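# Tertiary structure, described
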Amino acid sequence: DAGITQSPRHKVTETGTPVTLRCHQTENHRYMYWYRQDPGHGLRLIHYSYGVKDTDKGEVSDGYSVSRSKTEDFLLTLESATSSQTSVYFCATGAGRQETQYFGPGTRLLVL
Amino acid sequence: AQTVTQSQPEMSVQEAETVTLSCTYDTSESDYYLFWYKQPPSRQMILVIRQEAYKQQNATENRFSVNFQKAAKSFSLKISDSQLGDAAMYFCAYRSAMGQGGSEKLVFGKGTKLTVNP
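Everything in this summary refers to the structure shown in the same document.

## Here we look at the state of the cysteines
Evaluated as defined, the whole model comprises two disulfides over all chains. Each sulfur of the disulfide joining C23 of chain A and C91 of chain A lies 1.9 Å from the other. Disulfide C23 of chain A to C91 of chain A: torsion about the S-S bond roughly -70°, handedness left-handed. Separated by 68 residues along the polypeptide, C23 of chain A in strand 3 (residues 19-25) and C91 of chain A in strand 9 (residues 87-94) bring together distant segments of the chain. Like C91 of chain A, C23 of chain A is buried. In this model, C23 of chain B is linked to C92 of chain B through a disulfide, with the two sulfur atoms separated by 2.0 Å. When the S-S torsion is -70°, as for the bridge of C23 of chain B with C92 of chain B, the disulfide is left-handed. Note that C23 of chain B is positioned in the loop between strand 3 (19-21) and strand 4 (24-26) and C92 of chain B in strand 10 (residues 88-96), a separation of 69 residues in sequence. Across the pair, C92 of chain B and C23 of chain B agree in class, each one buried.

The structure is reproduced here in structure tokens:
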């Protein structure tokens, strides 16, 4: 939905390495979000952006950073990946703060 | 903090029958949005239906409808004429409409796995 792509779709990495996930949208939505999905927890917000270079933390932001240098791209970086960051990561976008969020296809990350 | 509870980890329904998935939430706010998302085996999160708390009328989308009981803080999803393609995880989600910082996030329940039997 909303022309959202995520890359890579699957990644295996080792503990201690940096990892960057990319979310790209073609809908010119102002708001972008990163969630993680884990068994027994549903989806939880990591970080979100409300405009270019405007970002804020979500409820599980420790160990993650984000950047948004242009409207269409929102990057999630794991500075030093840990096994607890093994998860499925979803990007979502919304036209406005109160607008419905639409999700990308997800990225499955395995940290060994 | 708001919480969303889906008390049914798994449900099953016969094809063409009707099934209702339960969701309750806890909030002290008066203005908010509620959503049902569907996640098939492909893992794509797909919006099923959206309800604004200020609207008394229950939202409907084709075979999907909700029973929104604001006083009881209940938001159930009814799927009529169930189809094999309805098999998925269904997530209930809450979002504040209070306009404060951090209110943009969706708060999700843990999901209900729906199986549709032919």
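Anyway, onward from the coordinates.
## A look at the environment of Q6 of chain B
Residue and element names in this part refer to chain B. Tracing the backbone through its elements, the reader meets Q6 in the loop between strand 1 (3-5) and strand 2 (10-14). Take Q6: its relative accessible area is 10%, and that puts it in the buried class. Residues Q6 and T112, spaced 106 residues apart in sequence, show a C-alpha to C-alpha distance of 6.8 Å. With residues up to four places along the chain from it excluded, the contact list for Q6 reads S22, W36, Y90, F91, C92, G109, K110, G111 and T112. Reaching out from Q6, the side chain makes a polar contact with the backbone nitrogen of C92 at a distance of 3.0 Å.

## Quick notes on the interface of chain A and chain B
Across the contact, 25 residues belong to chain A and 23 residues belong to chain B. Buried surface at the junction of chain A and chain B, both sides included, amounts to about 2,000 Å², of which 46% is carbon and sulfur. Scanning the region where chain A abuts chain B turns up zero salt bridges. Run the count over chain A and chain B and you get seven residue pairs in polar contact (both at pLDDT 80 or more). Sorting the residues of the side of chain A that touches chain B by element identifies strand 4 (31-38), strand 5 (42-51), strand 9 and strand 10 (102-103) of chain A as the ones contributing at least two each.

## Brief notes about a nonpolar patch on the surface
On the surface, V12, L110 and L112 of chain A cluster together into a nonpolar patch covering about 290 Å² of accessible area. Here L112 of chain A lies in the segment after strand 11 (107-111).

## Focus on the packing of aromatic side chains
Summed over the entire model, instances satisfying the criterion amount to 20 aromatic pairs over all chains. Each ring, one from F103 of chain A and one from F108 of chain B, has its centre 6.2 Å from the other, and the planes form 70°; the classification is edge-to-face. In this pair, F103 of chain A is assigned in strand 10 and F108 of chain B in strand 11 (residues 107-108), connecting two distinct chains. Take F103 of chain A: its relative accessible area is 1%, and that puts it in the buried class. Judged by centre distance (6.2 Å) and plane angle (35°), the ring pair of Y25 of chain B and Y94 of chain B falls under tilted. Of this pair, Y25 of chain B sits in strand 4 while Y94 of chain B is found in strand 10, placing the two residues 69 residues apart along the sequence. Classification of Y25 of chain B by relative accessible area gives buried; the value is 5%. Note on Y94 of chain B: relative accessible area 1%, which makes it buried. Taken together, the ring pairs in this structure connect Y31, Y33, Y35, Y48, Y50, F90 and F103 of chain A together with Y33, F35, Y37, F91 and F108 of chain B into an aromatic cluster.

## A closer look at the sheet that holds strand 8 (residues 73-78) of chain A
Residues and elements named next belong to chain A. As summarised here, the arrangement of the four strands in space is 1-3-8-7, forming an open sheet in which the pairing is antiparallel. Two strands bound the open sheet, and with one partner strand each, they are strand 1 (4-7) and strand 7 (64-70). The mean angle between the axes of side-by-side strands here comes to 20°, regardless of whether they run parallel or antiparallel. Both strand 3 and strand 8 contribute to a ladder of six bridges, which runs antiparallel. Paired with T20 across the two strands is T77, which belongs to strand 8.

Calculation criteria
- Residues numbered from 1 in each chain as written.
- Chains lettered and ligands numbered in written order.
- Predicted model: local features only at pLDDT ≥ 70, side-chain atom pairs only at ≥ 80, totals over all residues.
- Heavy atoms only, no water.
- Disulfide = S-S within 2.5 Å.
- Helix = DSSP H or I, 4+ residues; strand = E, 2+ residues; numbered from the N terminus.
- Buried < 20%, exposed > 50% of the residue type's maximum accessible area, 1.4 Å probe, protein only.
- Contact = heavy atoms within 4.5 Å.
- Polar contact = N/O pair within 3.5 Å; in protein donor to acceptor, adjacent residues only side chain to side chain.
- Buried area = accessible area lost by both parts, 1.4 Å probe.
- Salt bridge = Lys/Arg side-chain N within 4 Å of Asp/Glu carboxyl O.
- Patch = residues over 30% accessible without salt bridge, like charges linked within 9 Å, V, L, I, M, F, W, Y side chains within 5 Å.
- Areas by Shrake-Rupley, 256 points an atom, 1.4 Å probe, with all protein chains shown as cover.
- Phe/Tyr/Trp six-rings, centres within 6.5 Å; stacked < 30°, edge-to-face > 60°.
- Pairing = 2+ DSSP bridges.
- Axes fitted to C-alpha atoms, helices over the stretch in contact; angles between N-to-C directions.

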